[in-house]
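# Fold and contact review
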Amino acid sequence: MASVSVDEAMRRAIALGARGLGATSPNPVVGCVLLDADGEVVGEGFHAYAGGPHAEIVALAQAGRRARGGTAVVTLEPCDHIGRTGPCSHALIAAGVARVVVAVPDPNPVASGGAATLRAAGVQVEVGVRADEAEAGNIAWLTSMRRGWPYLIWKYAATLDGRSAAADGTSMWITSEAARIDVHALRGTVDAVIAGVGTVLADDPRLTARNLRDGTLAIRQPLRVVVDSSGRTPAQARVRDGAARTWVATAAEVGAGPDGRVDLAALLAELHHRGVRAALLEGGPTLAGAFLAAGLVDKIVGYVAPKLLGAGPTALLDAGVTTIADAIDLELTDVTQVGPDLRITALPRKREA
């Protein structure tokens, strides 16, 4: 096998890490490629599930003795603590790896320190190779660990004129089956799905990740979170059906904001405490507006159908904007056609303090 550059190996490691997306939480997605002393790939690995072997351990097992004197190319700084698995920094040292190339430092104070341990053992360490790409692939976990609450994606579906339902309240289906399948795939990448009690009362959604073609549930289900200030969620609501874990978050339990409703920042902090690193906000223009007004939304995924209604509920209500100068500016990062619909992905721009 021909030798490859460290840059090429990191690109491969990032692609490997992506295979674990949606299955590793509360751990990060990580990929690793091991090169021998001649630069040939002798081992590859990724973190497949929480509690399972880390990417470096999988790659080392493949490489065996050929790891000695070689280079480990890894998307995240090797961990330096004993959790459900041992420290990867020690495993790399024991294998005789001479050099470790890291894309992104570990922001978790519990697990960080691997680079320092490796250097102390005489291992050459380089940090920052393809950092932007690795950061993007692990953005939810990195963001969550750096600030202490989950990376929040607001998902909505609307007509071209911004309506989420017709004037009579009907909304099935605004978007196509292809778009709905895409949404279920998106649910499968997060740890929690959030909806307001108004949506539960109006639509009685299941909020599960499933295969729309046969209705089967995905193996891993996100936590279902109902934001319900006064505890109005019916006992017979489908979110209580046992298909997935459900938390009905009330103001009495979480804490109330000045408006008497659930304190959204406190809600996200509690979700982070429960191991949620990425959450999907679905259903409820009022709740979406409140999260946006509070500056708590990190990413927006909108499914826009080529339909016009001219009347009916809008996809978003009060987001704290009263004049055009206060509009929430967005950076478009992707526009993709999904069936007949458009999936628009955008990031809210940070406002000047």
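Note: the structure precedes this text.
Now for a quick tour of the structure. Given the structure is predicted, the values throughout are model-derived calculations rather than measurements.

In the segment running from S25 into P26, the intervening peptide bond is cis, with an omega of 10°. Note that P26 resides in the loop between α1 (6–18) and β1 (31–35). For the peptide bond that leads from M172 to W173, omega is -5°, which places it in the cis range. Structurally, W173 is set in the loop between β6 (151–159) and α7 (177–187). For R130, which is not a glycine, the phi torsion comes out positive at approximately 50°. Tracing the chain through its elements places R130 in the loop between β5 (124–127) and α5 (131–137). Backbone geometry places L207, a non-glycine residue, at a positive phi of 60°. Here L207 is to be found in the loop between α8 (197–203) and β8 (223–227).

Okay, the side chain of E282 next. Structurally, E282 can be placed in the loop between β10 (278–281) and α11 (285–293). When its relative accessible area of 4% is taken as the criterion, E282 is described as buried. Among the polar contacts made by the side chain of E282, one reaches the side chain of K155 at a distance of 3.2 Å.

Attention shifts here to the sheet that holds strand β4 (residues 99–104). Judged by pairing direction, the sheet is mixed, and its 5 strands sit side by side in the order β2-β1-β3-β4-β5 without closing on themselves. This sheet does not close on itself; its edge strands, each paired only once, are β2 (41–46) and β5. Taking the axes of each pair of neighbouring strands and ignoring which way they run, one obtains an average angle of 15° across the sheet. Here β1 pairs with strand β3 (residues 71–76) via 4 bridges, running antiparallel. Bridge pairing in β3 links V33 to V73. Along the sheet, α1 contacts β1, β2, β3 and β4; its crossing angle with β1, the most-contacted strand, is approximately 145°. Contacting β1, β2 and β3, helix α2 (residues 55–63) runs over the sheet at an angle of about 150° to β2.

Taken as a whole and judged by the stated rule, the model has 0 disulfides. Here C88 is not disulfide-linked; the sulfur of C79 is the nearest cysteine sulfur, at 3.7 Å. Assessed through its relative accessible area of 0%, C88 is described here as buried.

Attention shifts here to the pairing of β8. For β8, the tally of buried residues reaches 5 of 5 residues, placing the bulk of the element in the interior. Sheet topology note: the strand β7 (residues 192–196)/β8 ladder contains 5 bridges and is parallel. Paired with A195 across the bridge in β8 is V226. Two strands pair when backbone bridges link them, and β8 and strand β9 (residues 246–249) are joined in this way by 4 bridges, in the parallel orientation. Each bridged residue has a counterpart across the sheet, and for V225 the counterpart in β9 is W247.

Secondary-structure assignment places D259 in the loop between α9 (251–254) and α10 (264–273). At 2.9 Å, the side chain of D259 forms a polar contact with the backbone nitrogen of R261.

Attention now moves to helix α6 (residues 139–147). It helps to recall that an α-helix has 3.6 residues per turn; residues three or four apart then point in one direction. Three or more residues of α6 are buried, namely A140, W141, L142, T143, S144 and M145. In this structure, the buried side of α6 is in contact with β3, β4, α5, β6, α10 and β10. One or two positions beyond α6, positive phi appears at G148, with a value near 90°.

Among the nonpolar cores identified, the biggest contains 38 residues, and M10, L34, V97 and V100 are the most heavily contacted of them. Every element with two or more residues in this core is listed here: α1, β1, α2, β3, β4, α4 (114–120) and α6. For this core, the leading source of residues is α1, giving 6 residues. V225, V227, A249 and V254 belong to the second-largest nonpolar core, a separate cluster that totals 27 residues.

Definitions and limits used
- Chains are numbered independently. Their residues run from 1 in the order of the written sequence.
- Thresholds applied to this predicted model are a pLDDT of at least 70 for local features of residues and 80 or more for the giving and counting of side-chain atom pairs; totals over whole chains, interfaces and linings are not thresholded and use all residues.
- Only hydrogens and water are removed before side-chain values are computed, so all heavy atoms of the structure are retained for them.
- Only DSSP runs of H or I reaching four residues or more are called helices, and only runs of E reaching two or more are called strands; each is numbered from the N terminus.
- Any residue under 20% of the maximum accessible area for its type is buried, any over 50% is exposed, and the rest in between are partly exposed; the area is computed with a 1.4 Å probe on protein chains only.
- Contacts described as polar in this section are N or O atom pairs within 3.5 Å, which, within protein, must combine one atom able to donate a hydrogen with one able to accept it, while residues neighboring in sequence count only if both atoms come from side chains.
- Should DSSP find at least two bridges between two strands, the strands are taken to pair.
- All axes here are fitted lines through C-alpha atoms, helices being fitted over the stretch that makes contact, and every angle between N-to-C directions spans 0 to 180 degrees.
- The contact criterion used is simple: two residues touch if any of their non-hydrogen atoms lie within 4.5 Å.
- The criterion for a disulfide is a pair of cysteine sulfur atoms lying within 2.5 Å.
- To define a nonpolar core, start from buried Ala, Val, Leu, Ile, Met, Phe, Trp, Tyr and Cys residues and group those joined through side-chain atoms within 4.5 Å.

Taken by themselves, the reported measurements are silent on function.
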